[in-house]
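# Structure at a glance
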Amino acid sequence: MAVVVAAVASVAGALFTTAPATAAGYPTSTFKISYGASYYNGTVTWYNRSVGVTGTFRATGCRRVYARAFAGSTSVGFVSSSTWCDTTAPAPLSPPADVVGGADNAWIYMTDANGNYLNGQTCYRSSSICIDGLH
């Protein structure tokens, strides 16, 4: 009988203990890039081994958007959309950042159909800000 009581108490204790604390949310930065009527606006989420870029891309004419992740001044990941022409839709990009601690800054930028740079921002993990230009 003592064994049954101990087992019930053990199960009851497991049911009523508080859940473990969840990990804090990942840091984010907000970017806004425009060139004429084209734009790419969204959020950079700083994960441990990648960078998640989510946003709405509006291409007036033909445009392409890119995300390049850096650890310091070393490029650790790069992705781009395809070339979009006269289209508006979500455009997620996720460059890898497979280094300890992940990326600490990222370039988010737009080019024309020929790959000519139009506009961009550099986003920083530590301050959660994005500033104009590629630094």
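Anyway, here's the lowdown on the structure attached to this text. (Residues numbered from 1 in each chain as written. Predicted model: local features only at pLDDT ≥ 70, side-chain atom pairs only at ≥ 80, totals over all residues. Heavy atoms only, no water.)

## Examining the overall build of the protein
- Along the protein, the regular secondary structure elements total 1 helix and 8 strands.
- Starting at the N terminus, the α and β elements of the protein follow one another as α-β-β-β-β-β-β-β-β.
- Relative to its 135 residues, the protein shows a buried fraction of 33%.
- Here the analysis covers contacts within the protein between residues at least 6 apart in sequence; of these, 49% occur between residues at least 24 apart.
- Within the structure as shown, the protein displays about 7,500 Å² of accessible surface, and the carbon and sulfur contribution to it stands at 59%. (Helix = DSSP H or I, 4+ residues; strand = E, 2+ residues; numbered from the N terminus. Buried < 20%, exposed > 50% of the residue type's maximum accessible area, 1.4 Å probe, protein only. Contact = heavy atoms within 4.5 Å. Areas by Shrake-Rupley, 256 points an atom, 1.4 Å probe, with all protein chains shown as cover.)

## Topic: unusual backbone geometry
- Of note, aspartate 86 is a non-glycine position whose phi angle comes to about 45 degrees, a positive value.
- If you trace the backbone, aspartate 86 turns up in strand E5 (residues 84-90).
- Classification of aspartate 86 as exposed rests on a relative accessible area of 61%.
- For serine 128, which is not glycine, the phi dihedral falls at a positive 60 degrees.
- Mapped onto the elements of the fold, serine 128 is located in the loop between strand E7 (117-124) and strand E8 (129-132).

## What about the state of the cysteines?
- Considering all chains together, one arrives at 2 disulfides under this definition.
- Across a sulfur-sulfur distance of 1.9 Å, cysteine 62 and cysteine 85 are joined as a disulfide pair. Residues cysteine 62 and cysteine 85 are joined through a disulfide that is right-handed, its torsion about the S-S bond being 110 degrees. Taken as a pair, cysteine 62 in strand E3 (residues 51-71) and cysteine 85 in strand E5 lie far apart in primary sequence, 23 residues in all.
- A relative accessible area of 27% places cysteine 62 in the partly exposed class.
- Going through the protein in sequence order and numbering each bonded cysteine, the pairs you get are 1-2, 3-4. (Disulfide = S-S within 2.5 Å.)

## Observations regarding the environment of asparagine 119
- Looking at the secondary structure, you find asparagine 119 in strand E7.
- Once the C-alpha coordinates of asparagine 119 and valine 65 are considered, the two residues, 54 residues apart in sequence, prove to be 9.7 Å apart.
- Once you skip the residues sitting within four places of it in the chain, asparagine 119 turns out to touch Ile33, Ser34, Tyr109 and Met110.
- A polar contact of 2.7 Å, which involves the side chain of asparagine 119, links it to the backbone oxygen of serine 34. (Polar contact = N/O pair within 3.5 Å; in protein donor to acceptor, adjacent residues only side chain to side chain.)

## Brief notes about the nonpolar core
- Judged by nonpolar contacts, the single largest core of 23 residues is most densely connected at Phe31, Tyr40, Val44, Val51, Val53, Phe57 and Ile108.
- For this core, the secondary-structure elements that each account for two or more residues are strand E1 (28-35), strand E2 (38-46), E3, strand E6 (105-112) and E7. (Core = buried A, V, L, I, M, F, W, Y, C linked by side-chain atoms within 4.5 Å.)

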